[in-house]
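Fold and geometry: a report
So you can see what is in the structure, the chains are spelled out below.
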Amino acid sequence: MRPQDRLTVIQRSVVREMARFGQVFTVDGEVVRGPDTTAVAVREHPGVDGAGHVDLGFVLRLGHADAPVVWDCAAGLGKTEEEKLDNAVRMWATTTASALVELRERRGEHGDHADHPELPGWHAVQGPAAVFGFGNERLAGWLAEHRVLPALAPALLPELTGRHLNGVKLFLGGKAGDDVAEVRVNGEVSEAASAALRALDWPRGERLCWARLFVLLTAPDAATVTTAPTGAAAPVAVRRPTPAAARARGLFARWRQARRADR
């Protein structure tokens, strides 16, 4: 597929997926513009195996050079390159874009909020987990019951930059004897955090299964680099839910809802 054709497919998929969040995005040249000053940029994925990969950058304040762009890469499966690209954008939207929309709206509809004592000075906004493969219920259930981010805190803290917003991606899974665990902080692999993730007791089965999560860590003055949508309600205080409440409305519940909606 030619680069321009790839760009067209990716941009069209971004428009469709953002509409699932009630966000109107339109193609404008090389970017896809969203509400207020948001936009999504696309860049070519490096390497010869990039046919099913997309590199997307969520721009929070278009036109402001000092505002962050949250870049993330996602891969999709499918029989054709177009199907792979569509699925890659959907994976990005499910995990990464949901956290970014929630960061702006702060209504608890598209992600979970938490202040972990293990990560002092950082507020976490996490989108749903995307769990796929054989026997994915076990891995999804484990993620819903365990506090993965705090467990990685000792390895994560040295990796966080002094900027107001850090993006953390977790990818884990595989099968017994052939597993994979990778943590990226602002797009760069963290060897220490990846090793800590691998050491956790998430279930390894006999067949392949993976999970992908994305977390935004924001500083208290993150409002200086993000912008709330026009007419949005004022930010609300989000209290940490009890374990039972977290299970009821946590990642696994929203993942199941997303799966049902896609059927």
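The following paragraphs examine the structure supplied in this document. Counting of residues starts from 1 at the beginning of each chain's written sequence and follows it residue by residue. pLDDT decides what is reported in this predicted model: residues at 70 or higher carry local features, side-chain atom pairs at 80 or more are listed and counted, and totals for whole chains, interfaces and linings draw on all residues regardless. Water and hydrogen atoms were dropped before computing side-chain values, which therefore reflect all heavy atoms in the structure.

Turning our eyes to something else, we now look at the overall build of the protein. Labels follow the DSSP assignment, with helices taken as runs of H or I lasting at least four residues and strands as runs of E lasting at least two, numbered in each case from the N terminus. Within the protein, the secondary structure is distributed over seven helices and twelve strands. The buried label applies to any residue whose accessible area, calculated with a 1.4 Å probe on protein chains only, is under 20% of its type's maximum; exposed applies above 50%, and partly exposed to all values in between. Across the 263 residues that make up the protein, the buried fraction comes to 46%. Considering only contacts within the protein whose residues lie at least 6 apart along the sequence, 65% involve residues at least 24 apart. As displayed, the protein offers around 12,800 Å² of accessible surface, 54% of which is attributable to carbon and sulfur atoms. In this analysis, two residues are considered to be in contact whenever any of their non-hydrogen atoms come within 4.5 Å of each other. Only the protein chains shown count as cover for residues, with accessible areas throughout obtained via the Shrake-Rupley method and a probe of 1.4 Å.

Now for the packing of aromatic side chains. Each Phe, Tyr or Trp ring, with Trp reduced to its six-membered ring, pairs with another whose centre is within 6.5 Å; inter-plane angles below 30 degrees give stacked pairs, above 60 give edge-to-face pairs, and intermediate values give tilted ones. Per the stated rule, a full pass over the model turns up two aromatic pairs. Geometrically, the ring pair formed by F25 and F58 is tilted, given 6.5 Å between the ring centres and 55 degrees between the ring planes. Of the two residues, F25 is situated in the loop between helix 1 (3–19) and strand 1 (26–28) and F58 in strand 4 (residues 53–59); the sequence distance between them amounts to 33 residues. The class for F25 is buried, based on a relative accessible area of 2%. For F58, a relative accessible area of 2% puts it in the buried group. Charge over a ring is defined by NZ of Lys or CZ of Arg lying within 6 Å of the ring centre and within 35 degrees of the ring normal. Taking NZ or CZ as reference, R43 lies 3.9 Å from the ring centre of W71, over its face. The cationic tip of R204 hangs over the ring face of W202; the distance from NZ or CZ to the ring centre is 3.4 Å.

With respect to the helices and strands, T95 occurs in helix 2 (residues 81–105). Filtering out sequence-adjacent residues up to four positions away, T95 remains in contact with G127, P128, A129, A130, R212 and F214.

Next up on the list: the pairing of strand 3 (residues 39–43). Note on strand geometry: in a regular strand, side chains alternate between the two faces of the sheet. In terms of burial, strand 3 is a largely internal element, four of the five residues being buried. Pairing between strands requires that DSSP locate at least two bridges from one strand to the other. By the bridge criterion, three bridges tie strand 2 (residues 31–33) to strand 3 in an arrangement that is antiparallel. Looking at strand 3, one finds that V32 is bridged to V40. The hairpin formed by strand 2 and strand 3 contains five residues between the paired strands, and D36 there has a positive phi angle of roughly 55 degrees.

When a carboxyl oxygen of Asp or Glu is within 4 Å of a side-chain nitrogen of Lys or Arg, the pair counts as a salt bridge. Enumeration according to the criterion identifies 16 salt bridges in this entry. D179 is the salt-bridge partner of R204, the closest N and O atoms lying 3.0 Å from each other. With a gap of 25 residues between them, R204 in the loop between helix 5 (191–199) and strand 12 (209–218) and D179 in strand 10 (residues 178–185) connect regions that are remote in the sequence. Relative accessible area serves as the criterion here: at 24%, R204 is assigned to the partly exposed category.

Each packed pair of helices is defined by two parameters, the angle between the axes and the distance between the axes. Here an axis means a line fitted to C-alpha atoms, over the contact stretch when the element is a helix, while the angle between two N-to-C directions is reported on a 0 to 180 degree scale. Running from N to C, helix 1 and helix 2 point in directions that differ by 40 degrees, and their axes come no closer than 9 Å. When the axis of helix 1 is compared with that of helix 2, the two are oblique. The two elements helix 1 and helix 2 meet at a crossing, and its hand is right-handed. When helix 1 is examined against helix 2, the residues R6, V9, I10, R12, S13, V14, R16, E17 and M18 are found in contact with a partner set consisting of E81, E82, L85, D86, V89, R90, W92, A93, A97 and V101. In this classification, the charged set is Asp, Glu, Lys and Arg, the nonpolar set is Ala, Val, Leu, Ile, Met, Phe, Trp, Tyr, Cys and Pro, and all remaining amino acids, among them Gly, are polar. Across the contact of helix 1 with helix 2, the residue classes tally to ten nonpolar, one polar and eight charged. Should an angle fall under 35 degrees it is called roughly parallel, over 145 degrees roughly antiparallel, and 65 to 115 degrees roughly perpendicular, with every other angle called oblique. Crossings are classed by handedness, with left-handed meaning an anticlockwise turn of the near helix from the far one by less than a right angle and right-handed meaning a clockwise turn.

Time to look at helix 2. A helix is expected to reach a length of 1.5 Å times the quantity of its residues less one. When the terminal C-alpha atoms of helix 2 are compared, their 34 Å separation across 25 residues agrees well with the 36 Å that a helix rising 1.5 Å per residue should span. Axes are fitted to the seven residues ending at a residue and to the seven starting at it; the angle between these axes is taken as the bend at that residue. The principal kink in helix 2, of about 45 degrees, is found at A93. A large share of helix 2 lies buried, amounting to 18 of its 25 residues.

Moving on: helix 4 (residues 148–156). The element helix 4 is extensively covered by neighbouring structure, given that seven of its nine residues are classed as buried. Considered for burial, the residues of helix 4 that qualify are V148, L149, P150, L152, A153, A155 and L156. On the buried face of helix 4, the contacting elements are strand 7 (123–126), helix 3 (136–145), strand 9 (165–175), strand 10, helix 5 and strand 12.

Here we take up the environment of G133. Mapping G133 onto the fold places it in strand 8 (residues 130–133). For G133, a relative accessible area of 37% translates into the label partly exposed. Along the backbone, G133 and A211 are 78 residues apart, and their C-alpha atoms lie at a distance of 8.8 Å. Discounting residues that sit within four places of it in the chain, G133 has contacts with L208 and C209.

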